[in-house]
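So the chains spell out like this:
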Amino acid sequence: MGYLDIIIGRNALSQTLSVLILACLYPVAKWIYNVVFHPLARFPGPLLWRASRLPYMRAAWGKHFPYEIRDLHDQYGDVVRVAPNELSFMDPRAWDDIYSNTDGANARAFKKSEIWHGNPDNGPSSVFITTDFKEHSRIRRFMDPAFSERAVSQQEPIIQDYVSICIKKLQERMNDKAKVTVNIVDWFNFTLFDIIGDLSFGESFGCLDKCEYEGWMSQMADSIKLHYLSINLRWYPIFNSMLKPFARFLVPKEIIVHHMDYVQRSTEKLKRRLSPEANIKRPDFVSQLLRSEDRGEGLTPDEVLQNSMLFINAASETTATALTAVANNLVQNPESLSALEDEIRKFSSPSDLSLQSLKQLPYLNAVLQEALRMCNPNPIGHFRITPPTGGKVAGHWVPGNTMVTIQPIALAHSLKYFHEPAAWRPERWLKEAETDVNSPYYHDQRKGVRGFGWGPYICVGEPLAWAWMRLIIAKMVWTFDLKKADTPYSTIDWEAQDVFAIVIKHRLDVTFAERSA
Ligand code: HEM
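Not measured: the values here are computed from a predicted model.

1. Concerning the site of the ligand
Thought 1: The environment of the ligand is formed by 26 residues, the closest being Lys112, His136, Arg140, Arg384 and Cys459.
Thought 2: Measuring from an oxygen atom of the ligand, one finds a side-chain N or O atom of Lys112 at 3.0 Å.
Thought 3: Within the contact set of the ligand, an oxygen atom lies 2.7 Å away from a side-chain nitrogen or oxygen of Arg384.
Thought 4: When residues of the shell around the ligand are traced back to their parent elements, those giving at least two are helix 7 (133-147), helix 17 (301-332) and helix 23 (462-479).
Thought 5: Looking at which element gives the most residues to the shell around the ligand, the answer is helix 17, with 6 residues.
Thought 6: Among the residues forming the shell around the ligand, the class breakdown is 15 nonpolar, 8 polar and 3 charged.

2. Some words on the packing of helix 20 (residues 362-374) against helix 23
Thought 1: It is at 11 Å that the axes of helix 20 and helix 23 come closest, and there the two elements cross at 115°. Of the possible angle classes, the one that applies to helix 20 and helix 23 is roughly perpendicular. At the point where helix 20 passes helix 23, the crossing takes the right-handed sense. Between helix 20 and helix 23, the contacting residues are Leu364, Asn365, Leu368, Gln369 and Leu372 on the first element and Trp466, Met469, Arg470, Ile473 and Ala474 on the second.

3. Brief notes about helix 4 (residues 54-61)
Thought 1: Listed in full, the buried residues belonging to helix 4 are Pro55, Tyr56, Met57, Ala59 and Ala60.
Thought 2: Each element contacted by the buried residues of helix 4 is listed here: helix 3 (47-51), helix 5 (65-76), strand 1 (79-83), strand 2 (86-89), helix 12 (220-233) and strand 10 (499-500).
Thought 3: Immediately downstream of helix 4, the backbone of Lys63 shows phi near 80°, a positive value.

4. Examining the nonpolar core
Thought 1: Ranked by size, the top nonpolar core spans 145 residues in total, and within it Phe89, Trp468 and Phe512 carry the most contacts.
Thought 2: For this core, the element with the highest residue contribution is helix 17, accounting for 15 residues.

5. Quick notes on the packing of aromatic side chains
Thought 1: A full pass over the atoms with the stated rule returns 16 aromatic pairs.
Thought 2: For the pair Phe201 and Phe205, a centre-to-centre distance of 6.4 Å together with 80° between the ring planes defines the contact as edge-to-face.
Thought 3: For Phe201, a relative accessible area of 1% gives the class buried.
Thought 4: Put simply, the rings of Trp187, Phe190, Phe193, Phe201, Phe205 and Tyr213 pair up and form one aromatic cluster.
Thought 5: Residue placement shows Arg515 over the ring face of Trp478; its charged tip is 4.6 Å from the ring centre.

6. Digging into the sheet that holds strand 9 (residues 480-484)
Thought 1: Read from one edge to the other, the open sheet built from 3 strands follows the order 4-12-9, with strand pairing classed as antiparallel. The open sheet has two edge strands, strand 4 (179-183) and strand 9, and neither has a second partner. Averaged over all pairs of adjacent strands, the angle between their axes in this sheet comes to 30°, without regard to strand direction.
Thought 2: Here strand 4 runs beside strand 12 (residues 509-514); their pairing, made up of 5 bridges, is antiparallel.

7. With respect to the coordination of the iron atom of the ligand
Thought 1: There is one protein donor for the iron atom of the ligand, namely Cys459 (SG), at 2.3 Å.
Thought 2: Within the element layout of this structure, Cys459 appears in the loop between helix 22 (431-435) and helix 23.

8. Focus on the confidence of the model for the protein chain
Thought 1: Per-residue pLDDT for the protein chain has a mean of 90; in total, 94% of the residues score no lower than 70.
Thought 2: The ipTM assigned to the predicted complex is 0.99, against a pTM of 0.92.

9. Considerations on the packing of helix 15 (residues 253-274) against helix 17
Thought 1: In the contact formed by helix 15 and helix 17, the axes pass within 10 Å of each other and the chain directions differ by 115°. Judged by the sense of rotation from one axis to the other, the crossing of helix 15 with helix 17 is right-handed. Of the residues in helix 17, those in contact with Tyr262, Val263, Ser266, Thr267 and Leu270 of helix 15 are Val304, Leu305, Ser308, Met309 and Ile312.
Thought 2: Here the residues of the contact of helix 15 with helix 17 sort into 7 nonpolar, 3 polar and no charged.

10. A word on unusual backbone geometry
Thought 1: In this model, Glu420 sits at a positive phi of 45°, which is unusual for a non-glycine residue.
Thought 2: Considering the arrangement of structural elements, one finds Glu420 in the loop between helix 21 (408-412) and helix 22.
Thought 3: By relative accessible area, which is 32% here, Glu420 ends up partly exposed.

11. What about the environment of Arg282?
Thought 1: Here Arg282 is to be found in the loop between helix 15 and helix 16 (285-291).
Thought 2: Sequence-wise, Arg282 and Ala178 are 104 residues apart; in three dimensions their C-alpha atoms are separated by 38 Å.
Thought 3: Those residues in contact with Arg282 that lie beyond four places of it in its chain are Ile158, Asp198, Gly202, Arg273 and Ser287.

12. Considering the UniProt feature "binding site: heme" (unreviewed entry) in the protein chain
Thought 1: Annotation from UniProt places "binding site: heme" (unreviewed entry) at Cys459.
Thought 2: Those residues in contact with Cys459 that sit more than four places away from it in its chain are Arg140 and Phe452.

13. With respect to the side chain of Asp481
Thought 1: For Asp481, the position within the fold is in strand 9.
Thought 2: A distance of 2.9 Å separates a polar atom in the side chain of Asp481 from a polar atom in the side chain of Arg345.
Thought 3: Polar side-chain contacts of Asp481 include one of 2.7 Å to the side chain of Ser516.
Thought 4: Once you skip the residues sitting within four places of it in the chain, Asp481 turns out to touch Glu341, Arg345, Thr511, Phe512, Ala513, Glu514, Arg515 and Ser516.

14. Concerning the pattern of salt bridges
Thought 1: Counted under the stated rule, the structure contains 23 salt bridges.
Thought 2: Here Arg58 makes a salt bridge to Glu68, at a shortest N to O gap of 2.9 Å. Of this pair, Arg58 sits in helix 4 while Glu68 sits in helix 5, and the two are 10 residues apart along the sequence.
Thought 3: Overall, Arg58 belongs to the partly exposed group, its relative accessible area being 46%.
Thought 4: Look at Glu68 and you get partly exposed, because its relative accessible area is 22%.
Thought 5: Arg345 is the salt-bridge partner of Asp481, the closest N and O atoms lying 2.9 Å from each other. Here the residue Asp481 occupies a position in strand 9, and Arg345 occupies one in the loop between helix 18 (334-344) and helix 19 (355-359), the gap between them amounting to 136 residues. Each member of the pair Asp481 and Arg345 is classed as buried.
Thought 6: The structure contains a network of salt bridges with shared partners spanning Glu370, Arg373, Arg428 and Asp444.

Rules of the game
Here the residue numbering is sequential within each chain, running from 1 through the sequence in written order. Under the rules for a predicted model, residues below a pLDDT of 70 receive no local features and side-chain atom pairs below 80 are neither given nor counted, while totals for whole chains, interfaces and linings still include all residues. Each side-chain value is derived from all of the structure's non-hydrogen atoms; neither hydrogens nor water enter the calculation. Neighbouring residues are identified by heavy atoms, a residue being near a molecule or strand if any of them is within 4 Å of it. Any pair of N or O atoms that falls within 3.5 Å is considered a polar contact. Within protein, one atom must be able to donate a hydrogen and the other to accept it, and sequence-neighbouring residues count only if both atoms are side-chain atoms. Strands are runs of DSSP state E lasting at least two residues, helices are runs of H or I lasting at least four, and both sets are numbered from the N terminus onward. Residues are sorted three ways: Asp, Glu, Lys and Arg are charged, Ala, Val, Leu, Ile, Met, Phe, Trp, Tyr, Cys and Pro are nonpolar, and all the rest, Gly among them, are polar. Orientation is described by lines fitted to C-alpha atoms, with helices fitted over the stretch in contact, and by angles between N-to-C directions that extend from 0 to 180 degrees. Here the angle decides the label: under 35 degrees means roughly parallel, over 145 means roughly antiparallel, 65 to 115 means roughly perpendicular, and every other value means oblique. By convention, the crossing between two helices is left-handed when the near helix turns anticlockwise from the far helix through less than a right angle, and right-handed when the turn is clockwise. Should any heavy atoms of two residues lie within 4.5 Å, those residues are counted as being in contact. Burial status follows relative accessibility: with a 1.4 Å probe on protein chains alone, a residue under 20% of its type maximum counts as buried, one over 50% as exposed, and anything between as partly exposed. By nonpolar core is meant a set of buried Ala, Val, Leu, Ile, Met, Phe, Trp, Tyr and Cys residues that side-chain atoms within 4.5 Å join together. Two aromatic rings from Phe, Tyr or Trp, using only the six-membered ring of Trp, form a pair when their centres are within 6.5 Å; if the ring planes differ by under 30 degrees the pair is stacked, by over 60 it is edge-to-face, and anything between is tilted. Two thresholds decide whether a charge sits over a ring: the Lys NZ or Arg CZ must be within 6 Å of the ring centre and within 35 degrees of the ring normal. Strand pairing is assigned whenever DSSP detects at least two bridges linking the two strands. A donor here means any N, O or S atom no more than 2.8 Å from the metal (3.2 Å for Na, K and Ca); water is not included, so a site may seem to lack partners. pLDDT: the predictor's confidence for each residue, scored from 0 to 100. UniProt positions are given in the numbering used here, feature names are shortened, and annotations may be inferred rather than shown by experiment. What counts as a salt bridge is simple: a side-chain nitrogen of Lys or Arg found within 4 Å of a carboxyl oxygen of Asp or Glu.

This is the structure we're talking about:
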């Protein structure tokens, strides 16, 4: 009789029992290993989170993930082990160490992780999902010129047109008392969708004309949410593949239908844009991406489509969140709104509000920075994997193949790094705060806030984002008196909103009144 026979017995019942016992013992042994013997065992964190990924998944699915992680940082310090193989950092130095190719403690930026990005279905690649450095830089090489400061200034007439239409439509809606109350989130979205649609596909989605969304737009947040929830299952590949065949029953039908509709419409738009008859010569993204075809290793038509569809999500959702944060804080802080009015109304005509002139306005820029600090549109951070040989992050040696991230909300809301972190204080971004030692914000760690990411994966659309955010806010504030609405939706309690990778925004009613001064 062999050792195995002695342990598990020979009859079917005892063998089944033994298998069951072993199956139960395996996770227990794994939890003990994770807590006591794992290479990350020396890092602090709650016991259950260090033992298993389940508490992390519960938090990720639990709607308030960034705030839970912020609480863990308050309790355990600047580095917290939030899962057996994952560290969360709340230290400005970590931006360079994790994300930079040139300025950090490591030879190069850490890679995106297959779990969070990756292309499991082997579809056409996009700049966002590829985890291969070479592939990523190939796409970025062709994409960057379409989003440079120069390109944005060539795109200015297109951007200006849509923002003016937004203002005109709001004016048309005013009642006898020369005011109108609207859900400003919709108006930001209509404007952003129309601009990004035009720049990506050569034609707008017509949202401002119709004052309504296309069907798939109203499902966009739900499909991002679903994608985010399903990503968390990738940690358990066996369970994940068991669920896959049932995915079509688990995913709500509207989301599938709207997604297919979106892909079909985008494909048609792009086909029209690319057809020789269209003969469109304009400074949009497509023209730039197509230039790449001349050089051999350019983007394939599928890649152009995939990346153009990505632009719609990446550009609209994030910017609408930042702008909603601005509006929400301005209507609640009249002295801040009035400082902004003073700055913007120095221009005698709205036609003077050019992208170049707005760039120079310190308070406008400070307002946008403060919104990105307090209400980061990507509040769960950007996940990376240390190389197999390990790396250094914020003074800690981190073993290879560890998931690492900066928690932007924890850092930006930390008393250790910001004076009055929970308060709306645009003045912390003004020059005086940086140079005057008596300013209460002098010691603020402004470099800890990087709303557009950092390093080789930094947001390609950053120049466009600044440009259209400045223009939309400036034109609204120049044209109207913005007031807190007299409705139940007059303010958003920001942290009460669900977070599923993106912020699922509540409605925000704002009253636009004819300008009094
Ligand atoms: C306020 C607005 C925006 C914010 C806060 C924002 C934020 C970010 C952040 C943090 C990343 C880096 C993600 C990472 O490191 O994993 C990113 C990437 C990206 N963003 Fe933005 N973004 C904004 C607007 C835009 C716009 C207007 C576009 C234009 C199409 C855009 C397109 C992209 C793309 C394509 C990437 C992927 C870049 C890469 O992986 O190389 N974003 N964005």
